[in-house]
Amino acid sequence: MGSRASTLLRDEEIEEIKKETGFSHSQITRLYSRFTSLDKGENGTLSREDFQRIPELAINPLGDRIINAFFPEGEDQVNFRGFMRTLAHFRPIEDNEKSKDQNGPEPLNSRSNKLHFAFRLYDLDKDDKISRDELLQVLRMMVGVNISDEQLGSIADRTIQEADQDGDCAISFAEFVKVLEKVDVEQKMSIRFLH
């Protein structure tokens, strides 16, 4: 199975994906194998339905929001490269990466990119602000019917009140970052990928 995956992926592609995402050669071939097993249409792309068959996403209250993050605006298919780019946000930051002084682009798994990714899960209308309604929708996804609408409204109001520094009754990305400045986002938004 591993050899099939590596034969379908050219070495140049693997090298480009390594540079872009920080994944190792073996991680890329293993994830390619997983990608091809999810590709039920066998057309080199994944659809939303392919992702919905992943049990961990199917039971995750934010599963649909996470799945949507894999698809560029207006697209309904994602290729392997796009799949890897999104997964790279969840790659743990290695000790040797923290001290790298690069003039190149910021790694996809940097704190800043992880925070942007998380912010977009809440910013449902993509207006670069998290409104009370958006916060309520995401909270409702997360807790379901376990909390009354009144309690959810109270949580949303308190959250916005604490985070909103400019008085616009919404949370900007800068305000979102400020609220999370003491949170270990690098750890909380990481998935251990086997080497």
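This structure is a prediction, so every number in the text was calculated from the model and none was measured.

Attention now moves to the nonpolar core. Membership of the largest hydrophobic core comes to 26 residues, with the highest contact counts inside it found for Ile-28, Phe-51, Phe-80, Phe-83 and Met-84. Secondary structure elements with two or more residues in this core: α2 (11–21), α3 (25–38), α6 (63–69) and α7 (80–88). In this structure, Leu-121, Leu-135, Ile-171 and Met-189 belong to the second largest nonpolar core, which totals 18 residues.

This paragraph deals with the confidence of the model for the protein chain. In this model, the protein chain carries a mean pLDDT of 87, and residues with pLDDT of at least 70 account for 90%. Per-residue pLDDT stays below 50 along residues 1–7; that stretch engages in 6 contacts with residues further than four places along the chain or on separate chains.

As a further point, take the packing of aromatic side chains. One pass over the structure, following the stated rule, counts 13 aromatic pairs. Geometrically, the ring pair formed by Tyr-32 and Phe-35 is stacked, given 6.4 Å between the ring centres and 20 degrees between the ring planes. Taken together, the residues Tyr-32 and Phe-35, both in helix α3 and 3 residues apart, mark about one turn of the helix. Note on accessibility: Tyr-32 and Phe-35 belong to one class, buried. Grouping aromatic residues by their ring pairs yields a cluster made of Tyr-32, Phe-35, Phe-51, Phe-70, Phe-71, Phe-80 and Phe-83. In this arrangement the basic side chain of Arg-91 is found over the ring face of Phe-23, its NZ or CZ atom lying 6.0 Å from the centre.

How two helices pack is summed up by the angle between their axes together with the distance between the axes. Where helix α10 (residues 132–143) meets helix α11 (residues 149–163), the axes come as close as 9 Å, and the angle between the chain directions of the two elements is 125 degrees. With respect to α11, the axis of α10 lies oblique. When the axes of α10 and α11 are compared, the crossing they make is right-handed. Only Asp-149, Leu-152, Gly-153, Ile-155, Ala-156, Asp-157, Thr-159 and Ile-160 of α11 make contact with α10, whose side of the interface consists of Arg-132, Leu-135, Leu-136, Leu-139, Arg-140 and Val-143. Tallied by class, the residues present in the contact of α10 with α11 amount to 8 nonpolar, 2 polar and 4 charged.

What counts, and where the lines are drawn
Residues numbered from 1 in each chain as written. Predicted model: local features only at pLDDT ≥ 70, side-chain atom pairs only at ≥ 80, totals over all residues. Heavy atoms only, no water. Core = buried A, V, L, I, M, F, W, Y, C linked by side-chain atoms within 4.5 Å. Buried < 20%, exposed > 50% of the residue type's maximum accessible area, 1.4 Å probe, protein only. Helix = DSSP H or I, 4+ residues; strand = E, 2+ residues; numbered from the N terminus. pLDDT = per-residue confidence, 0-100. Contact = heavy atoms within 4.5 Å. Phe/Tyr/Trp six-rings, centres within 6.5 Å; stacked < 30°, edge-to-face > 60°. Lys NZ or Arg CZ within 6 Å of the ring centre and 35° of its normal. Axes fitted to C-alpha atoms, helices over the stretch in contact; angles between N-to-C directions. Parallel < 35°, antiparallel > 145°, perpendicular 65-115°, else oblique. Left-handed = near helix turned anticlockwise from the far one by under 90°. Nonpolar A, V, L, I, M, F, W, Y, C, P; charged D, E, K, R; others polar.

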